[in-house]
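Chain residues, written in single-letter form:
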Amino acid sequence: METTMTDGPGGYVHGYSGREARRLGDQADALAALVHDGTAYPAGSRVLEAGCGVGAQTVHLVARSPGARLTAVDLSRESLEQARARVEGSFPAAGVRWRCADLRDLPFGDAEFDHVFVCFVLEHLPDPRAVLAGLRRVLRPGGTLTAVEGDHGSAFFHPDSAHARAAIAHQVALQAAAGGDALLGRRLGPLLAEAGYARVGVVPRTVYADRARPGLRRAFTRDTFTAMIESVRGEAVAAGLATPADFDRGVADLHRAADADGTFHYTFFKATAVNPG
């Protein structure tokens with residue numbers, strides 16, 4: 001759901017606008033407990049955030065592990081500058097090390113890190129297994145990797161809408177055409193095993209928003225998921241996947257799921273694994 005750290009076939013399907021940067025921040029804040037619960041790194045440990053984007057997750061890593069020695073990597077220099085500003089605005093003494101690099105060719109030595117954190121990145125990569133193997137190279141034996149990914153196949157809502165489901169399917173298709181996989185969450189565990197990790201464990205983290213959770217309805221259903229689908233409208237129409245009217249109807253129906261009598265469900269998958277050395 002977040003950002004791509006390589007220059008894959010079609011690039012990042014959601015674009016790099018200021019609106020998208022704000023959406024990523026809203027998403028990270030809305031899902032902070034879901035994504036980061038149970039993840040904290042000891043003081044002095046060397047932690048790599050692979051694909052930090054605009055720093056939306058970085059601020060939460062710093063907040064939960066203030067003594068860790070964090071290195072944040074991204075392919076986009078512009079995103080790195082936004083990430084630096086975001087972190088320094090909240091944690092001016094954090095001392096994060098920023099590196100511009102491609103995840104397919106990391107500029108680090110073998111076993112240089114104790115822990116790796118990668119969130120909403122693998123879904124945008126044309127070969128996530130190879131990237132995971134590269135991350136294992138820079139992870140010390142016994143070190144841990146934590147990965148979080150979504151799966152658009154887990155989205156369901158009330159009132160149901162064929163137009164809304166079609167709009168989601170168009171986003172999935174566009175991401176696939178760009179070399180990614182918006183359904184990656186379901187295969188996160190097998191990917192880690194194929195990349196050589198041991199003690200792989202995957203836990204579903206479910207978001208459910210209804211009238212009892214008005215803040216989550218706004219922050220996730222409307223400002224995160226629906227905004228993400230809406231961001232590909234131009235591409236979907238240009239590709240002939242939908243007419244403007246049909247796509248707009250789908251987005252309107254997703255907004256309807258964020259109303260007081262609507263409901264929305266989505267599942268993320270959080271995996272942990274160990275480098276066996």
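Residues numbered from 1 in each chain as written. Predicted model: local features only at pLDDT ≥ 70, side-chain atom pairs only at ≥ 80, totals over all residues. Heavy atoms only, no water.

A. Structural context of the overall build of the chain. When its secondary structure is counted, the chain shows 10 helices and eight strands. Buried positions account for 54% of the 277 residues belonging to the chain. Long-range contacts, defined here as pairs at least 24 residues apart, represent 80% of the contacts in the chain between residues at least 6 apart. (Helix = DSSP H or I, 4+ residues; strand = E, 2+ residues; numbered from the N terminus. Buried < 20%, exposed > 50% of the residue type's maximum accessible area, 1.4 Å probe, protein only. Contact = heavy atoms within 4.5 Å.)

B. Local environment of the environment of Val 232. Here Val 232 is to be found in the loop between α8 (214–230) and α9 (233–238). Taking the C-alpha atoms as reference, Val 232 lies 9.8 Å from Ile 168; in sequence the two are 64 residues apart.

C. Summary view of the packing of α8 against helix α10 (residues 244–257). Between α8 and α10, the shortest axis-to-axis distance is 10 Å and the interhelical angle comes to 170°. One finds that α8 runs roughly antiparallel with respect to α10. On α10, the residues touching Thr 221, Arg 222, Thr 226, Ile 229 and Glu 230 of α8 are Phe 247, Val 251, Leu 254, His 255 and Ala 257. Residue composition of the contact of α8 with α10, by class: five nonpolar, three polar and two charged. (Axes fitted to C-alpha atoms, helices over the stretch in contact; angles between N-to-C directions. Parallel < 35°, antiparallel > 145°, perpendicular 65-115°, else oblique. Nonpolar A, V, L, I, M, F, W, Y, C, P; charged D, E, K, R; others polar.)

D. Looking closely at the packing of aromatic side chains. Summed over the entire model, instances satisfying the criterion amount to nine aromatic pairs. Ring centres of Tyr 266 and Phe 268 lie 4.8 Å apart, and the angle between their planes is 55°; this geometry places the pair in the tilted category. Judged by its relative accessible area of 0%, Tyr 266 is buried. Members of the aromatic cluster, each reached through a chain of ring pairs, are Phe 120, Phe 157, Phe 220, Phe 225, Phe 264, Tyr 266 and Phe 268. (Phe/Tyr/Trp six-rings, centres within 6.5 Å; stacked < 30°, edge-to-face > 60°.)

E. Fine view of the pattern of salt bridges. What the rule picks out here adds up to 16 salt bridges. Among the ionic pairs, Arg 222 bridges to Asp 223, the shortest N-O distance being 2.8 Å. The network of salt bridges with common partners includes Arg 46, Asp 114 and Arg 140. (Salt bridge = Lys/Arg side-chain N within 4 Å of Asp/Glu carboxyl O.)

F. Quick peek at the confidence of the model for the chain. Looking at the chain, the pLDDT average stands at 91 and 90% of residues meet or exceed 70. Counting interchain partners and residues more than four positions distant, the pLDDT-below-50 stretch residues 2–17 has 71 contacts. (pLDDT = per-residue confidence, 0-100.)

G. Fine view of the environment of Gly 134. Relative to the assigned elements, Gly 134 resides in helix α5 (residues 128–137). On the basis of relative accessibility, which here comes to 22%, the residue Gly 134 falls in the partly exposed class.

H. The pairing of strand β8 (residues 263–274), seen in detail. For β8, a buried count of 11 out of 12 residues is recorded, marking the element as mostly surrounded by other parts of the structure. Here strand β5 (residues 139–150) runs beside β8; their pairing, made up of seven bridges, is antiparallel. Paired with Val 148 across the strands is Lys 270, a residue of β8. Note that strand β6 (residues 156–158) and β8 share three bridges and pair antiparallel. (Pairing = 2+ DSSP bridges.)

I. Geometry of the packing of helix α6 (residues 162–177) against α10. Relative orientation of the contacting elements α6 and α10 amounts to 110°, with a least axis distance of 7 Å. What the angle tells us is that α6 and α10 run roughly perpendicular. In contact with His 163, Ala 164, Ala 167, Ile 168 and His 170 of α6, α10 contributes Asp 246, Phe 247, Arg 249, Gly 250, Asp 253 and Leu 254. Among the residues making up the contact of α6 with α10, the classes are represented as five nonpolar, three polar and three charged.

J. Fine view of unusual backbone geometry. Residue His 158 is joined to Pro 159 through a cis peptide bond whose omega torsion reads -5°. Phi angles above zero are rare outside glycine, and Phe 120 is one such case at about 55°. The residue Phe 120 is located in the loop between β4 (113–119) and α5 in this model. Located in the positive-phi region is Arg 199, a residue other than glycine, with phi close to 50°.

K. A look at the pairing of β5. Pairing geometry for β4 and β5, over six bridges, is parallel. Note on β5: the bridge partner recorded for Phe 113 is Leu 139.

L. View of the side chain of Ser 45. One can find Ser 45 in the loop between α2 (32–36) and β1 (46–50). Setting aside residues up to four positions removed in sequence, Ser 45 forms contacts with Ala 68, Arg 69, Asp 114 and His 115.

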